[in-house]
Amino acid sequence: MSKEIIKVPDIGGAEGVEVVEICVAVGDTVEKEESLVVLESDKASMEVPSPMAGKVIAITISDGDSLSEGDVILELETAAEAAPEPVAEEPVEETVEEPVAAPEPEPVTAAAPAKVETPKAVEAPTPVIAEPAKVTPTEKPSSGGHIYAGPAVRRLAREMGVELDQVKGSGPKNRISKDDLKAYVKTALTEKPASGSAGIPAIPEVDFSKFGEITVEPLTKIHKMTAHNMQRNWLNIPHVTQFDDADITNLEDFRQSLKAEAEKRGVKITPLPFLLKACAAALRDNPKFNASLSADGESMVYKHFINIGVAVDTPAGLVVPVIKDVDRKSIWDLAAETVELATRAKDRQLKPVEMQGGCFTISSLGGIGGQGFTPIVNAPEVAILGVSKLATKPVWDGNEFMPRKMLPLSLSYDHRAINGGDAGRFFTYLTAVLGDIRRLAL
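Attention here is on the structure that accompanies the text. Everything numeric here is computed off the predicted structure, so don't read it as measured data. (Residues numbered from 1 in each chain as written. Predicted model: local features only at pLDDT ≥ 70, side-chain atom pairs only at ≥ 80, totals over all residues. Heavy atoms only, no water.)

### Things to note about the packing of helix α9 (residues 271–285) against helix α10 (residues 331–346)
At step 1: Two numbers describe how α9 lies on α10: the axes approach to 9 Å, and their chain directions differ by 120 degrees. With respect to α10, the element α9 is oriented oblique. As α9 runs across α10, the sense of the crossing is right-handed. Where α9 abuts α10, its residues Leu-272, Pro-273, Phe-274, Leu-276 and Lys-277 lie against Ile-331, Leu-334, Ala-335 and Thr-338. (Axes fitted to C-alpha atoms, helices over the stretch in contact; angles between N-to-C directions. Helix = DSSP H or I, 4+ residues; strand = E, 2+ residues; numbered from the N terminus. Parallel < 35°, antiparallel > 145°, perpendicular 65-115°, else oblique. Left-handed = near helix turned anticlockwise from the far one by under 90°. Contact = heavy atoms within 4.5 Å.)

Have a look at this one:
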């Protein structure tokens, strides 16, 4: 018999993923690819499969622990290879002892660069450090002190609009973790604002059990983060939504004609791949939509790639996998990739990197979408397209009313970056392409 140390595999660069479920216990026998633990980041859950069969002889983690790539999960006792020799046991013991001899230095060493970056991160926002203090309840730390936080924490702070000098760290040398950041935001959102401040009044808590039987179910981490992001985006972005109908009668006829070929390819072809290609063409023709405002609001960042997120409703909450380089892929490629990503999203198998780098988002309610809705912009993107329920409507062709398949579209955008004229041109181009997909070849 030999012993194998099982570590957290490549998780797409995510840091501090939380252990939400340990699927095995000491003494259990596991097969190869059997789930060992379930990890959850801010955006997705993922299962860690066993790379080999064996018996669990030690578990080094607990529920709620925060892990990163390379951290030890557990120890397996496996069957020895054929004709084992004593020499083969030596490296096994070294592999086992190595994490025990120095279990923590690697994470500490990896965090060290944050100390080097600190002067830059502290100096850059100096002119606006005093501003958040006017609207936040937390006392500002003394000036001149270093802020210890990793790149992931700094990125999350920028996304949340939080100045790190307002957050009290719980780690060594007051190092700030994601939990510290989330606790600060939670306190800021729930704390009663001082008299005369510009805080948003909290919704009073109601004891609904006084009126009848109730069931209380905690929100998933994904659901809570989605709710927070939606509120942040709605409060920070001046939204405008424009509506239009796209005549996709010819597109639908063409799509139906591809069903036989789709079956041969083993791919289900829906309207979504056509929407992706049309949006990619519209983004290329209207660069303002394929851009983001800089964090300080002083410049626009134009992107020379086209990645489009697709909102997927899952039992755990809303997730947005991002399809990369949409403009370079065929309809067949997009059909296969959208189905594959949606399936893995619902099975909670997406990696964080697969939900990053989006330029634009499509939120399609398909057959349950009604006649229109107002989607919330997914910052730092500047626009999002809402797709509602296809309906056959009478359309005047100059001589008579003809039945046409009309697709309701809702375009929400950040009015700081895009004006009504820009949106009108984007919509005109998009509906023209959807109305005659031959334009995609131009």
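So that's the structure; there's more coming.
### Side note on empty space enclosed by the protein
At step 1: Inspection of the entire model under this criterion finds 2 cavities of 30 Å³ or more.
At step 2: Its volume calculated, the second largest cavity comes out at about 30 Å³.
At step 3: Along the walls of the second largest cavity sit Ile-248, Leu-251, Pro-271, Phe-274, Leu-275, Leu-407 and Leu-434, which together make up its complete lining.
At step 4: Here the lining of the second largest cavity takes 3 residues from α9, the largest share from any one element.
At step 5: Looking at the lining of the second largest cavity residue by residue, the classes come out as 7 nonpolar, no polar and no charged. (1 Å grid on protein atoms, 1.4 Å probe; cavity = no way out; pocket = protein on both sides within 12 Å on 5 of 7 lines; lining within 4 Å. Points joined across faces, edges and corners; volume = space filled by probe spheres on them. Nonpolar A, V, L, I, M, F, W, Y, C, P; charged D, E, K, R; others polar.)

### What to know about the pairing of strand β2 (residues 17–22)
At step 1: The pairing of β2 with strand β7 (residues 66–67) spans 2 bridges and is antiparallel. Directly across from Val-17, in β7, lies its bridge partner Leu-67.
At step 2: The pairing of β2 with strand β4 (residues 35–40) spans 4 bridges and is antiparallel. By the bridge assignment, Glu-21 is partnered in β4 with Val-38. (Pairing = 2+ DSSP bridges.)

### Concerning the pattern of salt bridges
At step 1: By the definition in use, this model includes 12 salt bridges.
At step 2: Across the salt bridge formed by Glu-252 and Arg-255, the nearest N and O atoms sit 2.8 Å from each other. Placement of the pair is Glu-252 and Arg-255 together in helix α7 (residues 249–257), with a separation of 3 residues, close to one helical turn. Taken as a pair, Glu-252 and Arg-255 share a single burial class, namely buried. (Salt bridge = Lys/Arg side-chain N within 4 Å of Asp/Glu carboxyl O. Buried < 20%, exposed > 50% of the residue type's maximum accessible area, 1.4 Å probe, protein only.)

### Overview of the side chain of Thr-338
At step 1: Along the chain, Thr-338 falls in helix α10.
At step 2: Residue classification places Thr-338 among the buried residues on the basis of a relative accessible area of 11%.
At step 3: Separated by 2.9 Å, the side chain of Thr-338 and the backbone oxygen of Leu-334 make a polar contact. (Polar contact = N/O pair within 3.5 Å; in protein donor to acceptor, adjacent residues only side chain to side chain.)

These figures capture arrangement, not role.
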